[in-house]
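# Survey of secondary and tertiary structure
Residues per chain are reported as follows:
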Amino acid sequence: MADEPVAASAPIGSSVIPIVNKLQDIFAQLGSQSTIELPQVAVVGSQSSGKSSVLEALVGRDFLPRGNDICTRRPLVLQLLQTTKKPDGTGEEYGEFLHLPGKRFYDFSEIRREIQAETDREAGGNKGVSDKQIRLKIFSPSVLDITLVDLPGITKVPVGDQPSDIEARIRTMIMSYIKTPSCLILAVTPANSDLANSDALQMAGIADPDGNRTIGVITKLDIMDRGTDARKLLLGEVIPLRLGYVGVVNRSQEDILLNRSIRDAIEAERKFFDSRPVYSTLKDRCGVPQLAQKLNQILVQHIKAVLPGLKARINAALTSVAKQFQNYGEVTESKAGQGALLLNILSKYSEAFSSMVEGKNEEMSTLELSGGARIHYIFQSIFVKSLEEVDPCEDLTDDDIRTAIHNATGPKSALFVPEVPFEVLIRRQIARLLDPSLQCARFIYDELIKMSHRCMVTELQRFPFLRKRMDEVIGHFLREGLEPSENMIGHIIEMEMDYINTSHPNFIGGSKALELAVQQTKSSRVPLSVSRPKDVESDKGPASERGVKSRAILARQVNGVMSDQSARPASDIEKVTPSGMRFLSTRRHDDFSGNTGGSSWGISSIFGGSDNRNTSLKESISSKTQREPVHSMEQSFSMIHLREPPTILRPSDSNSETEAVEITVTKLLLRSYYDIVRKNVEDLVPKAIMHFLVNNTKRELHNVFIRKLYRENLFEEMLREPDEIAMKRKRTRETLRVLQQAYATLEELPVEADTVERGYSLSEPTGLPKIQGLPTSSLYTGDFFAASPKNPRSRNSSHSGELQSPMHYSNAESNGNGRPYSTGLYPTVD
Ligand SMILES: Nc1nc2c(ncn2[C@@H]2O[C@H](COP(=O)(O)OP(=O)(O)OP(=O)(O)O)[C@@H](O)[C@H]2O)c(=O)[nH]1
């Protein structure tokens, strides 16, 4: 590089660089790509007012096309990007254009030539203006990451290829940049022109009416008319400006021609102000270094504004990393330490498991059911609900019941006793409850296994061997717990099947069932009498007779009083159940009936004498056969052949009312009793599962763990960490350390920033003279860009015209006599 180092001049933001660097480090430590977005700085003003010169002086590099006949004709967006220094403290400095990607310009005068050439390429060689940006990046170890924009100057009279509306076009272009609320405006006005006619101030007034982000820059103080000075301008007495003015002396055209360096120019500027007594009391607002300082203060304010958010982010990261680190724990070498650690893990695991089952888990989900709630769901919404939906007669047709009744009576004729078929059928239905009950236990077992996997997932990450062993132990233990639950469920169902308690208070009972059945049968048979008149006719007499008779006997049964004692000894004929329900004996009581074909007592007799009829018929046939012997074969008729009984026999079709009632009674009894059993099962199965499986696990898990795993010879193996965990612990420890460091740095930053604001020390390494005399930080206590006319703090605090907005600086507009100015006011300049 031909030029002197950047640091030798007055690079913008140089004093802020250390703070920003620290912040960038913090961002990097947080693993975040984002950086602090500093406000953009744009220079606006009339043509040849000295904008490029101001920008160059601020950057400390000689690279912009300047001169009376060389104009900025395209916006130049200049991105300063900090590069890392080499170990010797130096670093490459180069420029790169967006339109020439990959081409590095190490010679800054070449950069200037490329800007000119690129301007000509787009805007033509004859004064043409274009709003198409030229984007240039300057990489240097000594710059702040900030974007500066050099804008074309405002012109009034079109020249060369400029269109007639050139002024309007340029104004629109400028406005598009400076209206952005985060853009700092350097409103450049030459001292040798009338400030009231300043295009820069007029446009800035429109873009920033509150004056929170506009700094007035008065150039060319060296070429003012003899006898005049810029005191009043700088003091804001001509046009007040909230952030005030800075007067500068840039290189003249002659200096440019003589290739005067920026360092020399800064020195010359200092001498200029030193030699002018009129500016001796205004040192804080004279010179490029003061302008840089003013900008630094604004940047510091911006940085201060982002600090709380950054702190909060670091804090959050710290908390989570600290927790992570805690989970990795410390490495324990001693047996005693390992024992204590293992014991602690086993106890915590057992507690966590219990908490999960009981629903006391801290990390309880609000999105789905978990832990014990899932167990409850399985019991109530799956198991109980499924049982409730089962109809015990669902897969039992009337034929099935009739067959069962026939089978129950054996070779004898069917007496009406639905008790036996009822018992057979109800047992069948009860047996059906076994499978869902066992399935329910399985489901709960699966749930417990799932819960065990979810316990202490993060804590046990570092001990995969222990985790595996624990999973094995709990898996085995749960399987062991499943067995007694399943046995118990088996017993519950067996108990229910073994003893059909017809005395259960909730059981409908035979008499009630019979009564209901008769009613139902009667009402359902009415249409049949129309459709099957023949059947009805054949059954008519006995059926109605039976009906009456059955009702009569039923009434007698219900009342428990026998109206026909003489015909039927109560003790033998009736079996009185403990519930008071009477069932009629299925046995014939020949002793009392007097003869086998006569009156046979039993429920069948209630329903009429078909059996009796059949019996007497059969008997009369047989007696007749005995009384009348066969005289000869000739006399006999040809032999009557019986048809072969088919392999599968079904009860012959019958539509007798007896059977209909029998079937209905059976169904009623089935439903009623099934309900009782179902309720028992719904109640007892979950109890069995909870007792043998769930609660037993809660109670015993810890003991089982200790028994199986707490063995000194196993400590080493179980607490062995995979290498990966050791590495992660190391990394987490490092991250934690870095974050703690970052947090501490952040704590100190505001103090450091205050130092920068006061203009002390940090500018020293740049080789610039110490900037003294700026008031203290008490003036910069608000939020960045927060000042507005609505902000009482910014309005009311007007000591010496200096406002307490962060963008209101010590040398903000004041009349020098402590007289406050009205704030943010711009004259309307036509
Ligand atoms: N004597 C003196 N000359 C200056 C000062 N500032 C700028 N100049 C000269 O004024 C001329 C214009 O300066 P530039 O920096 O190109 O002005 P500009 O506003 O960027 O011009 P445009 O881009 O054309 O609008 C140059 O010849 C500078 O040397 C100053 O403070 N004192």
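Residues numbered from 1 in each chain as written. Predicted model: local features only at pLDDT ≥ 70, side-chain atom pairs only at ≥ 80, totals over all residues. Heavy atoms only, no water.

### Structural notes on the overall build of the protein chain
- In terms of regular secondary structure, the protein chain is built from 25 helices and 10 strands.
- Sorting the 830 residues of the protein chain into buried and exposed places 47% on the buried side.
- Put simply, the protein chain shows about 41200 Å² of open surface, and 52% of that area lies on carbon and sulfur atoms. (Helix = DSSP H or I, 4+ residues; strand = E, 2+ residues; numbered from the N terminus. Buried < 20%, exposed > 50% of the residue type's maximum accessible area, 1.4 Å probe, protein only. Areas by Shrake-Rupley, 256 points an atom, 1.4 Å probe, with all protein chains shown as cover.)

### Section: helix H8 (residues 262-274)
- Between its terminal C-alpha atoms H8 stretches 18 Å, which fits the 18 Å expected from 13 residues at 1.5 Å a residue.
- Residues Ile262, Ala265, Ile266, Glu269, Phe272 and Phe273 constitute the buried set of H8. Viewed along the axis of H8, the buried residues span an arc of 120°, placing them on a single side of the element.
- Contacts from the buried residues of H8 go to helix H2 (51-59), strand E8 (245-247) and helix H9 (288-328). (Expected span 1.5 Å × (residues − 1). Arc of directions from axis to C-beta. Contact = heavy atoms within 4.5 Å.)

### Some thoughts on H9
- The end-to-end C-alpha distance of H9, which contains 41 residues, comes to 55 Å, matching closely the 60 Å that a straight helix rising 1.5 Å per residue would cover.
- At leucine 307, H9 shows its strongest bend, of approximately 35°, with the proline proline 308 following within four residues.
- Positioned one or two residues after H9, glycine 329 has a phi angle of 60°, which is positive. (Bend = angle between axes of the 7 residues up to and from the residue.)

### Some remarks on the packing of helix H4 (residues 166-178) against helix H5 (residues 199-207)
- Put simply, H4 and H5 touch, their axes get as near as 10 Å, and they point 50° apart. In terms of orientation, H4 lies oblique with respect to H5. For the crossing formed where H4 meets H5, the hand is right-handed. Taking contact as the criterion, the partners of Arg171, Ile174, Met175 and Ile178 in H4 are, on H5, Asp199, Gln202, Met203, Ala204, Ile206 and Ala207. (Axes fitted to C-alpha atoms, helices over the stretch in contact; angles between N-to-C directions. Parallel < 35°, antiparallel > 145°, perpendicular 65-115°, else oblique. Left-handed = near helix turned anticlockwise from the far one by under 90°.)

### Digging into the nonpolar core
- Counting residues in hydrophobic clusters, the biggest one holds 75 residues, and the most contacted among them are Leu448 and Ile689.
- In terms of residue count, helix H22 (residues 657-709) provides more of this core than any other element does, 20 residues in total.
- Ranked by size, the runner-up nonpolar core spans 61 residues in total, among them Phe108, Ile138, Leu243 and Leu736. (Core = buried A, V, L, I, M, F, W, Y, C linked by side-chain atoms within 4.5 Å.)

### A short note on the site of the ligand
- Taken together, 24 residues are adjacent to the ligand, and Lys51, Ser52, Ser53, Thr72 and Gln253 come closest.
- In this structure, an oxygen atom belonging to the ligand sits 3.1 Å away from a main-chain N or O atom of serine 48.
- Measuring from an oxygen atom of the ligand, one finds a side-chain N or O atom of serine 52 at 2.8 Å.
- Surface burial for the ligand is 98%, taken as the share of its 630 Å² of free accessible area covered by protein chains.
- Elements that contribute at least two residues to the shell around the ligand include exactly H2 and helix H7 (253-257).
- If one sorts the elements of the shell around the ligand by residue count, H2 sits on top with three residues.
- In terms of residue class, the shell around the ligand is made up of five nonpolar, 14 polar and five charged. (Near = heavy atom within 4 Å. Polar contact = N/O pair within 3.5 Å; in protein donor to acceptor, adjacent residues only side chain to side chain. Nonpolar A, V, L, I, M, F, W, Y, C, P; charged D, E, K, R; others polar.)

### Some details on empty space enclosed by the protein
- Counted according to the given criterion, the structure contains six cavities of 30 Å³ or more.
- If you add up the space inside the largest cavity, you get close to 100 Å³.
- Contributing to the lining of the largest cavity are 11 residues, with Ser53, Ala57, Asn250, Arg251 and Ala265 lying nearest its centre.
- Those elements that provide at least two residues to the lining of the largest cavity are H2 and H8.
- Among the residues forming the lining of the largest cavity, the class breakdown is six nonpolar, two polar and three charged. (1 Å grid on protein atoms, 1.4 Å probe; cavity = no way out; pocket = protein on both sides within 12 Å on 5 of 7 lines; lining within 4 Å. Points joined across faces, edges and corners; volume = space filled by probe spheres on them.)

### Concerning the pattern of salt bridges
- Inspection of every chain in the model, using the stated rule, returns 32 salt bridges.
- Residue arginine 73 is joined to aspartate 120 by a salt bridge in which the shortest nitrogen-to-oxygen separation is 2.6 Å. Of this pair, arginine 73 sits in the loop between H2 and strand E2 (76-82) while aspartate 120 sits in helix H3 (residues 108-123), placing them 47 residues apart in sequence.
- Overall, aspartate 120 belongs to the partly exposed group, its relative accessible area being 35%.
- Arginine 169 is the partner of aspartate 165 in a salt bridge, and the nearest nitrogen-oxygen pair spans 3.1 Å.
- Bridged by salt links that share partners, the residues Arg74, Glu114, Glu118 and Arg121 form one connected network. (Salt bridge = Lys/Arg side-chain N within 4 Å of Asp/Glu carboxyl O.)

### Points about the packing of aromatic side chains
- What the rule picks out here adds up to 11 aromatic pairs.
- With a centroid separation of 5.3 Å and 90° between ring planes, the pair formed by phenylalanine 97 and phenylalanine 105 is classed as edge-to-face.
- A relative accessible area of 2% means that phenylalanine 97 is categorised as buried.
- Between phenylalanine 273 and tyrosine 279, the ring centres sit 5.5 Å apart and the planes meet at 80°, which makes this aromatic pair edge-to-face.
- Overall, the relative accessible area of 7% leaves phenylalanine 273 in the buried class.
- The class of tyrosine 279 is buried, set by a relative accessible area of 3%.
- Each residue in the set Tyr94, Tyr106 and Phe139 is aromatic and connected to the rest through ring pairs, giving one cluster.
- The ring of phenylalanine 465 carries the charged tip of arginine 720 above its face, separated from the ring centre by 4.1 Å. (Phe/Tyr/Trp six-rings, centres within 6.5 Å; stacked < 30°, edge-to-face > 60°. Lys NZ or Arg CZ within 6 Å of the ring centre and 35° of its normal.)

### Details of the pairing of strand E6 (residues 183-190)
- Burial of E6 is extensive: eight of the eight residues sit out of reach of the surface.
- Where burial is concerned, the two faces of E6 agree: the one with Cys183, Ile185, Ala187 and Thr189 and the one with Leu184, Leu186, Val188 and Pro190 are both buried.
- In terms of strand pairing, strand E1 (residues 40-45) meets E6 through six bridges, oriented parallel. Residue pairing across strands places valine 43 opposite leucine 186, the latter belonging to E6.
- The pairing of E6 with strand E7 (residues 214-219) spans six bridges and is parallel. Opposite isoleucine 185, over in E7, you have threonine 214 as the bridge partner.
- Remark: the E6/H5/E7 crossover connection has right-handed handedness. (Pairing = 2+ DSSP bridges. Right-handed = clockwise from strand over helix to strand, strands pointing away.)

### A short note on the sheet that holds strand E4 (residues 134-140)
- Taking strand neighbours across the sheet as the criterion, the eight strands line up as E3-E4-E2-E5-E1-E6-E7-E8 in an open arrangement whose pairing is mixed. Edge strands, defined here as strands with exactly one partner in the open sheet, are strand E3 (94-97) and E8. Averaged over all neighbouring strand pairs, the angle between strand axes comes to 25°, with direction disregarded.
- Where E7 and E8 come together, three bridges link them in parallel fashion. Bridged to isoleucine 218 within E8 is glycine 247.
- Relative to the sheet, H2 contacts E1, E2, strand E5 (146-150), E6 and E7, its axis offset from that of E5 by approximately 160°.

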